[in-house]
Amino acid sequence: MASAAVVLAGLLAGILRRPSPLPMPIEAVPPERPTGGTCVPPGASLAAWIDGAAPGAVLCLSAGEYAGPIVIRKPLTLWGPRDAVVQSAATDSTVTVRSNGVRLLGFTVDGSGDRPEKLDAAVLVVGDDIEIRGLRVRHSLFGIVVDSSSNVTIVSNDIEGDRNVPLGLRGDGIRLWETKQSLVKGNRVSGCRDVLLQYSPNNKVVDNVVTHGRYGTHFMYSSDAVVRGNRYLGNTVGVFVMYSKNIELTENLMGGSVGHGGMGIGVKESGNLVFRRNNVVQNHTGIYLDNSPFDPRETIRTEENLIALNQTGIEFLASTHRSDFRRNDFRGNQEQVLVDGGGDARHVNWEENHFDDYRGYDLDKDGYGDIPYESRSYASQLISQRPELAFFRGSAAIGVVEAMGRVFPLFQPRSILMDSRPRMNAEGGR
Amino acid sequence: MKSVIKYSAVVVGVVGLAYIFSQFAGGGAKAPGTLGAIMAERGLTEDDVTAAVKTYMPTGKHDTHYMFASGGHSGQIIVVGLPSMRILKYIAVFTPEPWQGYGFDDDTKQILKDGSPEGEVLTWGDVHHPALSETNAEYDGEYLFVNDKNSARIAVVSLKDFNTVQMCRSHLLQSDHGGCFVTPNTEYICESGQLAAPLMGTYAELDDESYKKHYRGAAVFWKFDRAKGRIDKAASFAIELPPYMQDLADAGKLASDGWMFLNSFNTERSYGTGGHGKPPMESGASQNDMDFLHVINWRKAAEVAAAGKTTEMAGMKVITLDTAASEGVLHFIPEPKSPHGVDVSPDGKSICVSGKLDTHVTVYDVDKVKKLIDSKTYAGKDDYGVPILPFKESIRGQCQLGLGPLHTQFDDKGNGYTSLFIESKVARWSLADLVKTGEIPSHFNIGHLAVAEGDTAKPDGRYLVALNKWAIDRFAPIGPLLPQNLQLIDITGPQMQRLYDMPIGLGEPHYSQICKAERIKPWESYPVGTNPVTHQPDPHAIKDEKEARIERKDDGVHVYMAFMRSHITPDVIRVKQGETVHLHMTSLEQTYDATHGFCVGAHNINVSLEPGKTSNVTFVASRPGVFPCYCSEFCSALHLEMTAYLLVEPTGPATAGK
């Protein structure tokens, strides 16, 4: 047991030690004070200053407390250092933007009301051409909520929820509804519920770190998105794509999604997706495909990913069609591939993947196995019928079942998948 | 150490099992017909074989449970025997069904008319939620109620003869969903609206202001008169509700007796684009993070209605929203958005709600809710003045189950079972500890589930049926329109086992209830001359073949007919073209299953005449000619000879048959 943990930790450390081209967002340089701003002294009525400011004004906060809630109804820039704190009055959203052309830069927003039915948030935005950069958000129900907006830039914010609050009672860290052409980049979201995009097409989610939440990023009817360079750790689900299409997930890390329904990437009834060079590591299920690709005109391409140390690498629920799995590394998964409901995954395209349980050879030394990789698992068949047996994965009992299955053909083992040209060496992931 | 023992036990067990099966599979594999050979030939696992054995019914043995499943678009209820999953009957409810003669004779035509808007007879229904009558919050096996979502009406089915006996439409609502749910002693049958519209079917513009002002929901409380076995419309009442799109409901019991809980999913009051660029409905209705659980004190509401604090609308006593709020009849509690089921635990203390996009079931604590109401601890009021109770203070906790929890029922061991729509699974969890303890995959997009007597005070805990929305590749293909399907699951053991997959090729079963068979005691036949709708002696019945006759009265020709195998009396019916004909048909049989039918050639006439039943059919003989009639249900060796003639003599210039 202990040795397994060491091996696991070592593998995970090895993966994480790979050089990363991405800056850690939390270390992002705070936004500089804009030139020509008007100083608002601490303790002043920020609401009154905002009401009195001319459209286009730049207001600068100083270290100290400012009373919320505030509502901004004109184009305006509000900057503050990290220790300038807009304090919630424990009701409503603390900073509400109802205008186009507003910039919120650098300061801290502390708290919000606690009415989930009213979406009480640290920052609530309804407007176009908005920039929210370098804010620190603490103690709020929802973090940043954007409604019916476009061209919103949410960059380098640090949103921390309370991990002691049960998941279901938390608000979302970042929540976009009916919001388009926006950028969510370099934020750190921790201990919140979801980063949610609902009915929000044409957005980019890049370089964020999302930990200890429910859905690291949840696409719900939100198509045409790019998800790149994010790190999802310890969430219920890394990225869940539901009822959406045309989404690229590249160079993300999805790890430690181990709870009930835990999965690195989950897909339900979606298509035209590309998963490329992601590290999908140590999840209950690495990638879960439920009836996806959904439309016969759609495909899913899963390429060059590292799929490692998951209980199940890839789980199919009636999704065994129009998918390509190319040049992925399957390593240390207790079950590489599981097909629910008695089918197999022989009708998706497996090409040049590396499987660490490949028992073939490479006599011609071209880097590819000379015989196909074929997965015929007795345990898989049993476990897909009796999921509670998954508890015994890797245990002696399941080993006995496997062995007995070979000695006494209790039932014909199904061939789950075939890769006719498996790679000998691993090189997936980023 | 303990786990080592456990592991060893498992290893020994598995080896032993493998050995036993190897005896079948290995030793007997070559002997055709042995279990091992059959298993090998068909590729069956031991799990498959135990499942088959658990559902197999030797000939003549009865199933132990009845399931009443909604027939969806078919407008019918499907009666299924468990565990064999054999279909026993389609009960015709909202749709004419010729085998039963339903919607073909005068009385059942009147039922359909009673359930229709003025000037039109609806001939289909979207059947959603059957509810068995209850006594002390247990099924009593006497009546079944069911709603039609599309036209907002409910029907009463008697389980004495498994026939529809009444249909009621409030004319307040245009669609319903929160029905039927009965109070613990079937005092009331609750039916609440779904897609908001102006009450009473009036017209109002579709824009923000008009929607807020004129569009409404309502909860109708139909008073059930147990002695008569029928709904008493005059003693029924309704509560006006905001246009929040009410969804499912459940009546409280024991600790929560006197309360009704009702979900909603559109507190945003979205109504789609409105033709003027608003977000579409599905987006607009999910803007908020929470909707409102409606907590209705129905006992208080009944008092308010009895005290006359109502407004009459479409002949229904309605408690207005203002009155409901001021009299403490209605409270709201925030609930995770777009919930579906709201399910009261067997002891009545916990109310389980799950948002379809959530990963938890949220368990409200009835005591806490009552205390908040008593102390008037409100988090605010909604736009209609209804008090809102604080969410966190109302709940006992949440249990993380998986993706897309939808509907919960219970077993007899303190477990809840929740369908996980997004994951296509059933989760089992401990109601006391709020901890998930198991799961089993289902087919695609599981909707509701039913546990045997699992929504009563005393769940049976034997079986669970998953009602799955999509079949995709699970059955032999039949073109683009695929069946929904039911899956029978054994929940008695520590591990749930899937036993049987049952495609339903007739409408979409939304919801079902499973009742122990011993509770239901149907009649074998009717006393001769019984009207199947009133269950009283039919005024036109005859008791003897000698009473069979043809009489001409002011309103047309009355034909008093007797059916006894294998003869129809009279077997010649002569009428004149244009005459109104009244057929009064009585089966004189008393023998179990000696059913006759009667159909008239080239006419829309067919009735079923179970032993003792009297059916009445009125029609105008508009076409002259000779129309053979026959018994349309096999009755004896001389069934083919059980015929009659209808002669319609032309009144104008003769065209044929001099």
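Everything below is about the structure printed above this text.
The structure contained in this document is the topic of the report that follows.

Conventions and cut-offs
Residues numbered from 1 in each chain as written. Chains lettered and ligands numbered in written order. Predicted model: local features only at pLDDT ≥ 70, side-chain atom pairs only at ≥ 80, totals over all residues. Heavy atoms only, no water. Helix = DSSP H or I, 4+ residues; strand = E, 2+ residues; numbered from the N terminus. Contact = heavy atoms within 4.5 Å. Areas by Shrake-Rupley, 256 points an atom, 1.4 Å probe, with all protein chains shown as cover. Rg over C-alpha atoms; globule rule 2.2 N^0.38 Å. Buried < 20%, exposed > 50% of the residue type's maximum accessible area, 1.4 Å probe, protein only. Patch = residues over 30% accessible without salt bridge, like charges linked within 9 Å, V, L, I, M, F, W, Y side chains within 5 Å. Salt bridge = Lys/Arg side-chain N within 4 Å of Asp/Glu carboxyl O. Core = buried A, V, L, I, M, F, W, Y, C linked by side-chain atoms within 4.5 Å. Pairing = 2+ DSSP bridges. Axes fitted to C-alpha atoms, helices over the stretch in contact; angles between N-to-C directions. Phe/Tyr/Trp six-rings, centres within 6.5 Å; stacked < 30°, edge-to-face > 60°. Lys NZ or Arg CZ within 6 Å of the ring centre and 35° of its normal. Lys, Arg positive; Asp, Glu negative; His and termini not counted.

Observations concerning the overall build of chain A
Helix and strand counts for chain A come out as 4 helices and 41 strands. Sequence-distant contacts in chain A: of pairs separated by 6 or more residues, those separated by 24 or more amount to 55%. Accessible area for chain A stands at about 15,700 Å²; split by element, carbon and sulfur atoms hold 53% of it.

Overview of the overall build of chain B
Scanning chain B from terminus to terminus reveals 10 helices and 43 strands. For 658 residues, the compact-globule estimate of 2.2 N^0.38 gives 26 Å, and the C-alpha radius of gyration of chain B, at 28 Å, lies within 12% of that figure. In terms of overall dimensions, chain B has C-alpha extents of about 95 × 80 × 50 Å along its principal axes. When burial is assessed residue by residue, chain B has 61% of its 658 residues classed as buried. Intrachain contacts of chain B at a sequence separation of at least 6 include 60% that bridge at least 24 residues.

Quick look at a nonpolar patch on the surface
Residues and elements named next belong to chain A. A contiguous nonpolar surface patch, about 300 Å² in accessible area, is contributed by Tyr361, Leu363 and Ile371. Tracing the sequence through the fold places Tyr361 in the loop between β39 (354-355) and β40 (373-376). By relative accessible area, which is 40% here, Tyr361 ends up partly exposed.

Considerations on the nonpolar core
Ranked by size, the top nonpolar core spans 74 residues in total, and within it A:Leu104, A:Phe107, A:Val123, A:Phe316 and A:Trp350 carry the most contacts. Leave out the neighbours within four places in its chain, and A:Val123 touches A:Val95, A:Leu104, A:Val109, A:Ile132, A:Leu135, A:Gly143, A:Ile144 and A:Val145.

Description of the sheet that holds strand β3 (residues 86-92) of chain B
Residues and elements named next belong to chain B. Strand order in this open sheet of 4 strands is β3-β2-β1-β33, and the pairing throughout is antiparallel. Edge strands, defined here as strands with exactly one partner in the open sheet, are β3 and β33 (512-516). Within this sheet the neighbouring strands show an average axis-to-axis angle of 20°, counted without direction. Two strands pair when backbone bridges link them, and strand β2 (residues 76-82) and β3 are joined in this way by 6 bridges, in the antiparallel orientation. Bridge pairing links Ile77 to Ile91 in β3.

As for the packing of aromatic side chains
A full pass over the atoms with the stated rule returns 31 aromatic pairs over all chains. Ring plane angle 55° and centroid distance 6.1 Å describe the contact between A:Phe330 and A:Trp350, whose orientation is recorded as tilted. Within this pair, whereas A:Phe330 is found in strand β36 (residues 329-331), its partner A:Trp350 is found in strand β38 (residues 349-351), the two being separated by 20 residues in sequence. The exposure class assigned to A:Phe330 is buried, which follows from its relative accessible area of 0%. Looking at A:Trp350, the relative accessible area reads 4%, which means it is buried. Measuring from centroid to centroid gives 5.6 Å for B:Tyr188 and B:Trp298, while their planes differ by 65°, and the two rings are edge-to-face. In this pair, B:Tyr188 is assigned in strand β9 (residues 188-193) and B:Trp298 in helix α7 (residues 298-306), connecting sequence segments 110 residues apart. The pair formed by B:Tyr188 and B:Trp298 is uniform in burial state, with each residue classed as buried. Taken together, the aromatic side chains of A:Phe316, A:Phe325, A:Phe330, A:Trp350, A:Phe355, A:Tyr358 and A:Tyr373 make up a single cluster linked through ring pairs. The residue whose ring lies beneath A:Arg421 is A:Tyr368, and the NZ or CZ to ring-centre distance is 3.7 Å.

Remarks on the pattern of salt bridges
With the rule as written, the count across this model stands at 53 salt bridges over all chains. For A:Arg138, the salt bridge goes to A:Asp158, with nearest N and O atoms at 3.3 Å. Pair noted here: A:Arg138 is in strand β12 (residues 136-138) and A:Asp158 is in strand β15 (residues 158-160), with a separation of 20 residues, a long-range link. Both residues of the pair, A:Arg138 and A:Asp158, count as buried. B:Glu138 serves as the salt-bridge partner of B:Arg519, at 3.1 Å between the closest nitrogen and oxygen. Residue B:Arg519 is located in the loop between β33 and β34 (549-553), and its partner B:Glu138 is located in strand β5 (residues 138-148); the two are separated by 381 residues in the primary sequence. The network of salt bridges with shared partners includes A:Asp172, A:Arg175, A:Arg193, A:Asp194, A:Arg214, B:Asp289 and B:Asp358.

Some words on the pairing of strand β6 (residues 153-158) of chain B
Residues and elements named next belong to chain B. Burial analysis of β6 places 6 of its 6 residues in the buried class, which makes it a mostly covered element. Here β6 shows a buried face lined by Arg153, Ala155 and Val157 and a second buried face lined by Ile154, Val156 and Ser158. The pairing of β5 with β6 spans 6 bridges and is classified as antiparallel. Bridge assignment links Leu144 to a residue of β6, and that residue is Val157. The turn joining β5 and β6, which pair antiparallel and follow one another in sequence, is formed by 4 residues; a positive phi near 55° is taken by Ala152.

Here we look at the sheet that holds strand β29 (residues 444-451) of chain B
All names here are of chain B. In spatial order, the strands read β29-β30-β31-β32; together these 4 strands make up an open sheet with antiparallel pairing. Two strands bound the open sheet, and with one partner strand each, they are β29 and β32 (497-504). Across the sheet, the axes of successive neighbouring strands diverge by a mean angle of 25°, strand direction being ignored. Note: β29 against strand β30 (residues 463-470), 5 bridges, orientation antiparallel. Across the sheet, Phe444 pairs through a bridge with Trp470, a residue of β30. Each of β31 (484-490) and β32 is contacted by helix α3 (residues 46-55), which is oriented at about 65° to β32, the strand it contacts most.

Considerations on unusual backbone geometry
Between B:Arg565 and the following residue, B:Ser566, the backbone shows a cis peptide bond with an omega angle of 0°. By the secondary structure assignment, B:Ser566 is in the loop between β35 (556-564) and β36 (567-569). With an omega of -5°, the peptide bond running from B:Thr569 to B:Pro570 counts as cis. For B:Pro570, the location among the structural elements is in the loop between β36 and β37 (572-576). Unlike most non-glycine residues, A:Asn202 shows phi in positive territory, near 60°. Tracing the chain through its elements places A:Asn202 in the loop between β19 (195-198) and β20 (204-206). The phi torsion at A:Asn291 lies on the positive side, around 50°, for a residue other than glycine. Within the fold, A:Asn291 resides in the loop between β31 (285-290) and β32 (300-303).

Quick notes on the side chain of B:Asp538
Residues and elements named next belong to chain B. Following the sequence through the fold, Asp538 ends up in the loop between β33 and β34. Despite being buried, Asp538 has no salt bridge partner; Lys543 is the closest side chain of opposite charge, sitting 10 Å away. Ignoring anything within four residues of it in the chain, the contact list for Asp538 reads Gly529, Thr530, Asn531, Thr614 and Asn616.

So, the pairing of strand β19 (residues 339-344) of chain B
The side chains of a regular strand alternate between the sheet's two faces. All names here are of chain B. The element β19 is largely enclosed, with a buried count of 6 among its 6 residues. Across 4 bridges, β19 lies against strand β20 (residues 350-355) in antiparallel orientation. Bridging across to β20, Val342 finds its partner in Val353.

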